[in-house]
Amino acid sequence: MAEFLINGFLIFLLAIIAVVAIRSIKIFSTVMLAGAYSLICAIIFVSLDAVDVAFTEAAVGAGLSTVLYIAAMRHLPKREKVVNDNTIFALIVCFGVGCLLIWASFDLPVIGDPMAPIHQHVGPYYISNTKPDMGIPNLVTGVLASYRGYDTLGETVVIFTAGLGVLLLLGDGKNRDKNE
Amino acid sequence: MIHGILGIWNYWIVIILMMTGLFIVISRHNLVKKMVGLTIFQTSVFLFYISLGKVQGGTAPILTGYKDSLYSNPLPHVLILTAIVVGVATTALGLALILRIKSEYGTIEENEIAELNTEENSK
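This one's a predicted model, so the numbers in the text were calculated from it and none came from an experiment.

Cut-offs applied
- Residues numbered from 1 in each chain as written.
- Chains lettered and ligands numbered in written order.
- Predicted model: local features only at pLDDT ≥ 70, side-chain atom pairs only at ≥ 80, totals over all residues.
- Heavy atoms only, no water.
- Helix = DSSP H or I, 4+ residues; strand = E, 2+ residues; numbered from the N terminus.
- Buried < 20%, exposed > 50% of the residue type's maximum accessible area, 1.4 Å probe, protein only.
- Contact = heavy atoms within 4.5 Å.
- Buried area = accessible area lost by both parts, 1.4 Å probe.
- Salt bridge = Lys/Arg side-chain N within 4 Å of Asp/Glu carboxyl O.
- Polar contact = N/O pair within 3.5 Å; in protein donor to acceptor, adjacent residues only side chain to side chain.
- Nonpolar A, V, L, I, M, F, W, Y, C, P; charged D, E, K, R; others polar.
- Phe/Tyr/Trp six-rings, centres within 6.5 Å; stacked < 30°, edge-to-face > 60°.

(A) Structural view of the environment of Ser 146 of chain A. Residue and element names in this part refer to chain A. Tracing the backbone shows Ser 146 in helix 6 (residues 139-147). Using a relative accessible area of 39% as the deciding quantity, one classes Ser 146 as partly exposed. Here the alpha-carbon distance between Ser 146 and Phe 4, two residues 142 residues apart in the chain, equals 34 Å. Apart from the residues within four sequence positions on either side, Ser 146 is in contact with Met 134 and Thr 141.

Encoded structure:
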């Protein structure tokens, strides 16, 4: 019950942050709120037993992406020009999709149910075989680097492509004047 | 009844956060704000996966050495680790695109960019 109350409080904070982020006109405060949002998500991940995900989210989601946003903000306007021309449309779409998803959520297994389908597939295999196969106690590392190593390879390919894209888009600033 | 609600409550919060992100993406014209909306949307999906991997009474998936320990499912954690890192890579790419748009159009408001484009076409 205590765990539920703590989670409830944190998730309530998340909802408040999301709403303030919608309403704020200053882009800088929106960016900082997004950082706080990631940090609170990291705390929730800890309470849901995902410690590896929590520190990745805190370091990468809250730290690195906030730094990226602030670096980009140097060259961008600091304020949003508020135009509310399709708020009604957006509200209708979000409300409709939200209702459909909530309807679908009744078919999902109860959270924490050890008999849920997700826990019957490869999960138990990873839990019982990581130690004999790799000899390390951290199951997440074992799965990430060995059982699903090709996933991680794909991930590095994506990051490489994104880095290449950023370099090609921004360049080193030398060629930009020639085109203009 | 109350137990049933508590059991799927996390999913509802995830859905509400997801719709907040979608609302920002649809209704705001500022491109940086759209990126923040996408981040909120993305993080709600992470919360959904991690909620699915939770086992009641379980502990973090690091072997304790005791025979009867119950662990949460490590697989969603691995998938979400990958997704977080890829998410930052796409954020960087999106911000680079926004910087290029700013230097081409002089604005990052989507409706102003659309106006500039129609003016360009009508000339």
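(B) View of the interface of chain B and chain A. On the side of chain A, 88 residues touch chain B, which itself brings 76 residues to the contact. Taken together, both faces of the contact between chain B and chain A bury some 7900 Å²; the carbon and sulfur share is 77%. Where chain B meets chain A, there are two salt bridges. Among the ionic pairs, Glu 112 of chain B bridges to Lys 81 of chain A, the shortest N-O distance being 3.3 Å. Remark: the boundary between chain B and chain A carries 17 residue pairs in polar contact (both at pLDDT 80 or more). Top contributing element to the side of chain B that touches chain A by residue count: helix 3 (residues 74-105) of chain B, with 24 residues. Of the residues assigned to the side of chain B that touches chain A, the class counts are 49 nonpolar, 20 polar and seven charged.

(C) Molecular detail of the packing of aromatic side chains. Tallied over the full model, the rule gives six aromatic pairs over all chains. Counting every residue linked through ring pairs, the aromatic cluster contains Tyr 125, Tyr 126 and Tyr 147 of chain A.

(D) Focus on the pattern of salt bridges. Scanning the entire structure with this criterion turns up five salt bridges over all chains. Residue Lys 54 of chain B is joined to Asp 49 of chain A by a salt bridge in which the shortest nitrogen-to-oxygen separation is 3.2 Å. Here Asp 49 of chain A lies in the loop between helix 2 (27-47) and helix 3 (51-73) and Lys 54 of chain B lies in the loop between helix 2 (31-53) and helix 3, a pairing that spans two chains. Each member of the pair, Lys 54 of chain B as well as Asp 49 of chain A, carries the same accessibility label: buried.

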